[in-house]
Amino acid sequence: MDRSFSTRAVHAGRGDFIEKGVHAPPIDFSSTYPTPNLDEAARSFDSLVAGDEPQGTFVYQRLFNPTTDRFEKALAELEGAEDAAAFSSGMAAFTAVLLAAKTRGMHVVAVRPLYGTADHLLTSRLLGHSVTWTTPDRITAALRPNTCLVVIETPGNPTLELVDIKAVVKQAGEVPVLVDSTFATPVLQRPLELGASLVLHSATKFLGGHGDVLAGVVAGPHALVRDIKHVRAATGGLLHPLASFLLHRGLPTLELRVLRAQETAIEIAKRLVDDRRIASVRFPALPGQDPRRLLGRQMAGPGSVLAFELASDDPAVMRHFVEALELITPAVSLGSTDTLIQPPAALTHRVVDKHAREKAGISGGLLRLSVGLEDVRDVWRDLDHALAEVASRLELHDRAPAMAP
Ligand SMILES: *Cc1c(COP(=O)(O)O)cnc(C)c1O
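What counts, and at which threshold
- Residues numbered from 1 in each chain as written.
- Predicted model: local features only at pLDDT ≥ 70, side-chain atom pairs only at ≥ 80, totals over all residues.
- Heavy atoms only, no water.
- Helix = DSSP H or I, 4+ residues; strand = E, 2+ residues; numbered from the N terminus.
- Buried < 20%, exposed > 50% of the residue type's maximum accessible area, 1.4 Å probe, protein only.
- Contact = heavy atoms within 4.5 Å.
- Domains from an automatic or database assignment.
- Buried area = accessible area lost by both parts, 1.4 Å probe.
- Salt bridge = Lys/Arg side-chain N within 4 Å of Asp/Glu carboxyl O.
- Near = heavy atom within 4 Å.
- Polar contact = N/O pair within 3.5 Å; in protein donor to acceptor, adjacent residues only side chain to side chain.
- Areas by Shrake-Rupley, 256 points an atom, 1.4 Å probe, with all protein chains shown as cover.
- 1 Å grid on protein atoms, 1.4 Å probe; cavity = no way out; pocket = protein on both sides within 12 Å on 5 of 7 lines; lining within 4 Å.
- Sits in = over half its atoms within 2 Å of the grid points.
- Nonpolar A, V, L, I, M, F, W, Y, C, P; charged D, E, K, R; others polar.
- Pairing = 2+ DSSP bridges.
- Axes fitted to C-alpha atoms, helices over the stretch in contact; angles between N-to-C directions.

**Student:** Explain the environment of valine 150 here, please?
**Tutor:** Considering the arrangement of structural elements, one finds valine 150 in strand 4 (residues 147–153). Assessed through its relative accessible area of 0%, valine 150 is described here as buried. With residues up to four places along the chain from it excluded, the contact list for valine 150 reads Val109, Ile139, Leu143, Val168, Ala172, Val175, Pro176, Val177 and Leu178.

**Student:** How do you make sense of the domain arrangement of the protein chain when you look at a structure like this?
**Tutor:** Interface size is commonly expressed as the accessible area that is lost once the parts come together. Partitioning the protein chain into domains gives domain 1 (5–253) and domain 2 (254–393). One C-alpha centre belongs to domain 1, the other to domain 2, and the line joining them spans 28 Å. Every contact between the two is made by 43 residues of domain 1 and, on the other side, 38 residues of domain 2. Surface buried jointly by domain 1 and domain 2 totals about 3300 Å² across both partners, of which 65% is contributed by carbon and sulfur atoms. For domain 1, the biggest contributors to the area lost against domain 2 are Leu162, Leu188 and Phe206; these three give 21% of the whole. The interface formed by domain 1 and domain 2 holds one salt bridge in total.

**Student:** For this particular structure, what's the right way to read the site of the ligand?
**Tutor:** Around the ligand, the surrounding shell holds 14 residues, and the nearest of these are Gly90, Met91, Asp180, Thr204 and Lys205. Within the backbone of methionine 91, an N or O atom sits 2.9 Å from an oxygen atom of the ligand. Here threonine 204 contributes a side-chain N or O atom positioned 2.7 Å from an oxygen atom of the ligand. Isolated, the ligand exposes 380 Å² of accessible area, and the fraction of that covered by the protein chains is 94%. More than half of the atoms of the ligand fall within 2 Å of the grid points belonging to the second largest pocket. Within the shell around the ligand, the residues separate by chemical class into five nonpolar, six polar and three charged.

**Student:** Explanation requested: the sheet that holds strand 9 (residues 305–310) in the structure shown.
**Tutor:** Strands sit in the order 8-9-12-11-10 across an open sheet of five strands; the sheet is mixed. Only two strands of the sheet have a single neighbouring strand rather than two, namely strand 8 (278–282) and strand 10 (329–330). Both strand 9 and strand 12 (residues 366–370) contribute to a ladder of five bridges, which runs antiparallel. Paired with phenylalanine 308 across the two strands is leucine 367, which belongs to strand 12. In the packing of helix 11 (residues 241–273) onto the sheet, the strands contacted are strand 8, strand 9 and strand 12, and the crossing angle to strand 9 comes to about 15 degrees. Taken strand by strand, helix 12 (residues 315–324) contacts strand 9, strand 10, strand 11 (340–342) and strand 12, and its axis lies near 130 degrees from that of strand 9.

Given below as structure tokens:
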């Protein structure tokens with residue numbers, strides 16, 4: 001289909017509405033379904049447990065829910081995937097991917113930084129896999145005969161580094177590559193079109209977009225998603241139909257939200273990098289921060305999350321700065337309507353080994369800012385005001401190096 005992304009985002013998963021006589025996705029809350037025909041129910045049960053489509057009755061909600069299925073089909077369409085599986089959180093989705101990969105081997109190759117809890121899940125060996133941490137240019141050397149998955153995240157959380165998806169896929173050879181594309185959304189980046197096997201989202205973030213849904217989704221080819229759905233049918237974690245409805249409801253406005261927040265983030269990043277009260281800014285669109293020139297090729301724009309350090313090493317100054325903010329919400333998570341700020345080393349990435357954290361550039365003073373949908377002038381006024389509150393305790397910089405002429 002050659003309709004544009006915007007059009008598909010409005011209509012995805014809604015193709016049968018006229019036939020059904022509805023204008024919004026119906027929500028089906030049933031936890032169980034009548035099974036008057038036992039033979040049909042048994043057939044459908046077998047099919048669903050294997051990760052396949054229902055054959056008549058849906059049998060039981062853990063196995064299938066039509067509202068969730070609708071959202072999955074819609075998201076798959078936007079990612080250019082054959083199928084998708086939605087979960088009750090991004091971590092539940094990642095867990096199912098890892099469990100499904102076990103049939104291929106027990107070794108994972110991963111690149112830091114990853115979302116803090118994803119890093120923890122691998123490092124702790126909670127699911128039994130061993131992990132080799134490597135860099136994007138050394139994937140091949142890290143592979144073993146029992147490597148079942150290569151895991152990357154781009155842009156990386158919270159340092160906003162971009163990883164070259166095509167280059168990683170090439171090095172991974174036959175081993176499936178999972179890309180956590182949470183920060184990009186299908187509006188800015190579609191990893192499957194670049195050769196990745198699976199794309200994962202914490203749908204809690206931009207896909208939900210309103211700070212009121214916890215969800216995860218993974219999309220890819222039938223064969224891999226089928227195995228993931230098999231795991232989900234056995235272990236649970238299917239996304240609740242109300243959450244699925246809310247996610248599906250948000251898809252038509254996803255592009256508007258992502259592009260508007262991105263526009264504001266670009267302006268905020270420029271102002272921060274120009275500001276003597278700021279020591280450093282991480283944002284892919286800033287000069288020197290996209291050495292592989294992935295913006296425009298791999299990712300249509302830099303997104304709306306950035307990270308920065310105040311011109312002070314004193315954690316008390318950072319705390320004071322955050323307390324002085326009046327509009328921006330101090331909170332973990334991102335991709336909400338409102339602008340959120342949090343210090344990753346102290347919160348989201350505290351589960352990551354301290355040495356690995358520092359090596360990945362997650363310093364104690366780093367602040368991650370998820371720019372929301374407020375007016376750029378109000379967001380800047382709030383940052384500027386809080387910077388003024390702590391200015392006397394900052395070591396003012398001549399000029400951030402990224403802006404040198
Ligand atoms: C939040 C997040 C996750 C985890 O998702 P949950 O929905 O919180 O379980 C995974 N990856 C990235 C990049 C995230 O930001």
